[in-house]
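Structural characterization, general
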Amino acid sequence: MGETRWKVHVDRDACVSSGNCVALAAERFELTDDGARPLQEILVADEAVVEAAEACPMEAITVVDAADGSEVAP
Ligand code: SF4
């Protein structure tokens with residue numbers, strides 16, 4: 001069995017650039033002029049992205065299992 005991989009998506013239309021995700025997971029997200037974006041769309045499971053997704057005030061961050069698409073967060 002390989003490592004579990006997750007797929008991270010930021011809904012730019014929902015993002016209000018609060019910066020919570022970058023504050024919690026600076027190595028996973030960056031803020032751009034039109035909102036946050038994941039630095040890696042597919043990554044090895046990392047609880048920091050779950051914390052970021054749960055801390056997003058807009059629930060703009062979704063994390064799913066890359067293998068089967070099941071929801072990991074928020
Ligand atoms: S926490 Fe949510 S609203 Fe704030 S910058 Fe990140 S994605 Fe955007």
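Here, every reference points to the structure presented above.
Below you will find a few notes about this structure. Small disclaimer: the values here were computed from a predicted structure and weren't measured.

**Notes on the site of the ligand**
- Around the ligand, the surrounding shell holds 13 residues, and the nearest of these are Cys15, Ser18, Gly19, Cys21 and Cys56.
- Spatially, the ligand is embedded in the largest cavity.
- A per-class count over the shell around the ligand returns 9 nonpolar, 4 polar and no charged.

**Structural notes on the pattern of salt bridges**
- Counting across every chain of the model gives 3 salt bridges.
- Asp34 serves as the salt-bridge partner of Arg12, at 2.5 Å between the closest nitrogen and oxygen. Of this pair, Arg12 sits in the loop between β1 (5-10) and α1 (20-24) while Asp34 sits in the loop between β2 (29-32) and β3 (35-38); the two residues are 22 residues apart in sequence, bridging distant segments of the chain.
- On the basis of relative accessibility, which here comes to 32%, the residue Arg12 falls in the partly exposed class.
- A salt bridge links Arg37 to Glu30; the shortest N-O distance between them is 2.7 Å.
- For Arg37, a relative accessible area of 31% translates into the label partly exposed.

**So, the sheet that holds β1**
- What the 4 strands build is an open sheet, ordered β4-β1-β5-β6; its pairing is antiparallel. Here the strands that pair on one side only, and so sit at the sheet edges, are β4 (42-44) and β6 (71-73). With direction set aside, neighbouring strand axes in the sheet form an average angle of 35°.
- The sheet contact formed by strand β5 (residues 61-65) and β6 spans 2 bridges and is antiparallel.

Reading guide: rules and limits
- Residues numbered from 1 in each chain as written.
- Predicted model: local features only at pLDDT ≥ 70, side-chain atom pairs only at ≥ 80, totals over all residues.
- Heavy atoms only, no water.
- Near = heavy atom within 4 Å.
- 1 Å grid on protein atoms, 1.4 Å probe; cavity = no way out; pocket = protein on both sides within 12 Å on 5 of 7 lines; lining within 4 Å.
- Sits in = over half its atoms within 2 Å of the grid points.
- Nonpolar A, V, L, I, M, F, W, Y, C, P; charged D, E, K, R; others polar.
- Salt bridge = Lys/Arg side-chain N within 4 Å of Asp/Glu carboxyl O.
- Helix = DSSP H or I, 4+ residues; strand = E, 2+ residues; numbered from the N terminus.
- Buried < 20%, exposed > 50% of the residue type's maximum accessible area, 1.4 Å probe, protein only.
- Pairing = 2+ DSSP bridges.
- Axes fitted to C-alpha atoms, helices over the stretch in contact; angles between N-to-C directions.

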